[in-house]
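# Architecture and fold: a report
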Amino acid sequence: VQYTNGICRPMHGEIDIMEAVNQANTGNQMTLHTTDGCSMSVKRKGTGNVLTDNCYNGTNSNSGCGVQGDNSTFGPPFNAAGGAIVAMEMRKEGIRMWQFGHSNVPSDIINKAPDPSSWPEALADFPSTSCDIGSHFANLSIIADIDICGSWATSPTSADINIGNYRQICEMTS
């Protein structure tokens, strides 16, 4: 599950909320992909394992700045538990993401009045300390994309292609 602007990706950013490949046995990966000038090389308050610090899509084969949850956050253990509630908060101070098992869902979510300030520490924390969130993310939509037998997006068939006016449109709206 992504929160992105498909045509203007990566100029308007991409936030991967649920991501894994192949057997999906290493846990959910929550990742930001941005244009140059966004890094997370600061102390963060998340419970997940920090994988990379540079969010710029032009480095590390577009791995972005990722945080990985434990094995129970994706794949067979995740499915056996009946899934989870995943929440994301995007604000000027940064982006935070949580993953709640069904027995740990905060009551304010159940009561349809979510208040992230009362929730436990996020699984992934992306503070705006070294990344101006507002300048790297705009006009985003939720996209549910399920690829069967996939791999990380490194092959030419899965690369972004800027044809004709698409690049112009993105530059005019950024």
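Thresholds, definitions, all that
Residues numbered from 1 in each chain as written. Predicted model: local features only at pLDDT ≥ 70, side-chain atom pairs only at ≥ 80, totals over all residues. Heavy atoms only, no water. Disulfide = S-S within 2.5 Å. Helix = DSSP H or I, 4+ residues; strand = E, 2+ residues; numbered from the N terminus. Buried < 20%, exposed > 50% of the residue type's maximum accessible area, 1.4 Å probe, protein only. Contact = heavy atoms within 4.5 Å. Salt bridge = Lys/Arg side-chain N within 4 Å of Asp/Glu carboxyl O. pLDDT = per-residue confidence, 0-100. Pairing = 2+ DSSP bridges.

In this section: the state of the cysteines. A full pass over the atoms with the stated rule returns 2 disulfides. There is a disulfide in this structure between cysteine 38 and cysteine 131, and the S-S distance comes to 2.0 Å. Sign of the S-S torsion, about -95° for the bond between cysteine 38 and cysteine 131, identifies this disulfide as left-handed. With cysteine 38 in the loop between strand E3 (29–33) and strand E4 (49–50) and cysteine 131 in the loop between strand E8 (124–127) and helix H3 (133–136), this residue pair connects regions lying 93 residues apart in the sequence. When sorted by exposure, cysteine 38 lands in the same class as cysteine 131, which is buried. Through a disulfide, cysteine 55 is tied to cysteine 65; the S-S separation comes to 1.9 Å. Around the S-S axis, the bridge from cysteine 55 to cysteine 65 shows a dihedral of about 90° and counts as right-handed. Of the two residues, cysteine 55 is situated in the loop between E4 and strand E5 (65–68) and cysteine 65 in strand E5; the sequence distance between them amounts to 10 residues. Considered together, cysteine 55 and cysteine 65 belong to a single accessibility category, that of buried residues.

Attention now goes to the side chain of threonine 34. Residue placement: threonine 34 occurs in the loop between E3 and E4. Overall, threonine 34 belongs to the buried group, its relative accessible area being 0%. Sequence-distant contacts of threonine 34, defined by excluding residues within four places in its chain, comprise Pro10, Cys55, Tyr56, Asn57, His136 and Phe137.

The subject of this paragraph is the pattern of salt bridges. In the structure shown here, the tally under the stated rule is 4 salt bridges. Residue glutamate 89 pairs with arginine 96 through a salt bridge whose shortest N-O separation is 2.6 Å. The shortest N-O distance in the salt bridge between arginine 91 and glutamate 93 comes to 3.7 Å. We classify arginine 91 as partly exposed; its relative accessible area is 26%. In this structure glutamate 93 comes out as partly exposed when scored by relative accessible area, which is 41%. Through salt bridges with shared partners, one network takes in Glu89, Arg91, Glu93 and Arg96.

Looking at the protein chain as a whole, its pLDDT mean stands at 83, while 79% of the residues score no less than 70. When the criterion is pLDDT under 50, residues 154–168 qualifies, and its contacts beyond four places in sequence or with other chains add up to 6 contacts.

Next up on the list: the sheet that holds E3. Taken in spatial order, the 6 strands of this open sheet run E4-E5-E3-E2-E1-E9, and their pairing is antiparallel. The two strands at the open ends of the sheet, each matched to only one other strand, are E4 and strand E9 (141–143). Bridging between strand E1 (residues 2–4) and strand E2 (residues 14–16) involves 3 bridges; their strand directions are antiparallel. For tyrosine 3, the partnering residue across the bridge sits in E2 and is isoleucine 15.

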